[in-house]
Amino acid sequence: MEFKFLDFNIIKGEEIDLHLLKTVPGNKEKNWVPAYHFNISLSGLVKPIGQIDIRIGYNENLYYGGHIGYSVDEEYRGNHYAAKSVLLLRKVALAHNMEKIFITCNPDNIAPRKTCEYVGAKLLKITAVPEDNDMYQRGEEEKCIFELKLDY
């Protein structure tokens, strides 16, 4: 069955909004799933203060790489904007009938670990990245694997 992107041009929150930047179709040869990419902005504004993306579906790459990637510009850090963005993306995951999402980070990177705890994700384990994984090829040998169960 062919994947269909849904209409998520703007996802409004109380303090921040997510503005759709682009969608990227999956690539079976590379084992990539479809993804939505958003700019994060302060509520009611358009100027980006960060970015966040969500990958839709499940495969081994996502277990180690996670469903969500994000960054917040340095001057806006410390306000839980990454966590609040993750919580807004639940709407996208649920619309695609996902029951859980994985969020991963390097064990020594404290900020994303705190973000995962803030959104209620559970640390499943700290595990070695398989040597055939592209992250391992880039020097990432371990990952914290967090699971966020989604509510319907």
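Residues numbered from 1 in each chain as written. Predicted model: local features only at pLDDT ≥ 70, side-chain atom pairs only at ≥ 80, totals over all residues. Heavy atoms only, no water.

Engineer: Can you help me understand the pairing of strand 2 (residues 16-24) in this one?
Structural biologist: The two faces of a sheet get side chains in turn, since along a regular strand they alternate between them. Note that strand 1 (residues 10-12) and strand 2 share three bridges and pair antiparallel. Residue pairing across strands places I10 opposite H19, the latter belonging to strand 2. Between strand 1 and strand 2, which follow one another and run antiparallel, lie three residues. Relative to strand 3 (residues 35-42), strand 2 is paired through eight bridges, and the arrangement is antiparallel. Directly across from L18, in strand 3, lies its bridge partner I40. (Pairing = 2+ DSSP bridges. Helix = DSSP H or I, 4+ residues; strand = E, 2+ residues; numbered from the N terminus.)

Engineer: So what exactly am I meant to see when it comes to the nonpolar core here?
Structural biologist: As a rule of thumb, nonpolar side chains are buried together in soluble globular proteins. I11, L18, F38, I52, I54, L89 and V92 are the most contacted members of the largest nonpolar core, which totals 33 residues. Residue assignment for this core shows that the elements contributing at least two residues are strand 2, strand 3, strand 4 (48-55), strand 5 (68-72), helix 2 (81-95), strand 6 (100-105) and strand 8 (142-149). Broken down by element, this core gets its largest block of residues, eight residues, from helix 2. Setting aside anything within four residues of it in sequence, one finds L18 in contact with N9, I10, I11, F38, N39, I40, I52, S85, L88 and L89. Within the second largest apolar cluster, six residues are counted, among which are Y63, F102, V129 and I145. (Core = buried A, V, L, I, M, F, W, Y, C linked by side-chain atoms within 4.5 Å. Buried < 20%, exposed > 50% of the residue type's maximum accessible area, 1.4 Å probe, protein only. Contact = heavy atoms within 4.5 Å.)

Engineer: What should I look at first to understand the sheet that holds strand 6 in this one?
Structural biologist: Hydrogen bonds between backbone atoms are what pair the strands of a sheet, whose relative direction is either parallel or antiparallel. The strand order across the open sheet built from three strands is 6-8-7, with neighbouring strands paired in antiparallel fashion. Bordering the open sheet on either side are strand 6 and strand 7 (122-128), each of which pairs with just one other strand. Strand-to-strand twist in this sheet, taken as the mean axis angle between neighbours without regard to direction, amounts to 25°. Alignment of strand 6 against strand 8, held across six bridges, turns out to be antiparallel. Bridging across to strand 8, I101 finds its partner in L148. (Axes fitted to C-alpha atoms, helices over the stretch in contact; angles between N-to-C directions.)

Engineer: For this particular structure, what's the right way to read the sheet that holds strand 2?
Structural biologist: The five strands are arranged 1-2-3-4-5 in an open sheet whose pairing can be described as antiparallel. The sheet is open, and its two edges are formed by strand 1 and strand 5, each paired on a single side. Neighbour to neighbour, the strand axes of the sheet diverge by 20° on average, direction disregarded. Relative to strand 4, strand 3 is paired through seven bridges, and the arrangement is antiparallel. The residue of strand 4 that forms the bridge with Y36 is I54.

Engineer: Please explain the packing of aromatic side chains as it appears in this structure.
Structural biologist: The description of an aromatic ring pair rests on the distance of the ring centres and on the angle between the ring planes. In total, this model carries six aromatic pairs according to the counting rule given. Taking 5.1 Å as the distance between ring centres and 85° as the angle between the ring planes, the aromatic pair formed by F5 and Y36 counts as edge-to-face. One end of the pair, F5, is in the segment before strand 1; the other, Y36, is in strand 3, and 31 residues separate them in sequence. Plain terms: the ring middles of Y63 and Y64 are 5.1 Å apart, the flat faces sit at 90° to each other, and that makes the pair edge-to-face. A single burial state applies to Y63 and to Y64, both of which are buried. (Phe/Tyr/Trp six-rings, centres within 6.5 Å; stacked < 30°, edge-to-face > 60°.)

Engineer: Help me understand the side chain of N133 in this model?
Structural biologist: With respect to the helices and strands, N133 occurs in the loop between strand 7 and helix 4 (134-137). Take N133: its relative accessible area is 6%, and that puts it in the buried class. What N133 contacts, discounting residues up to four positions off in sequence, is N61 and Y64.

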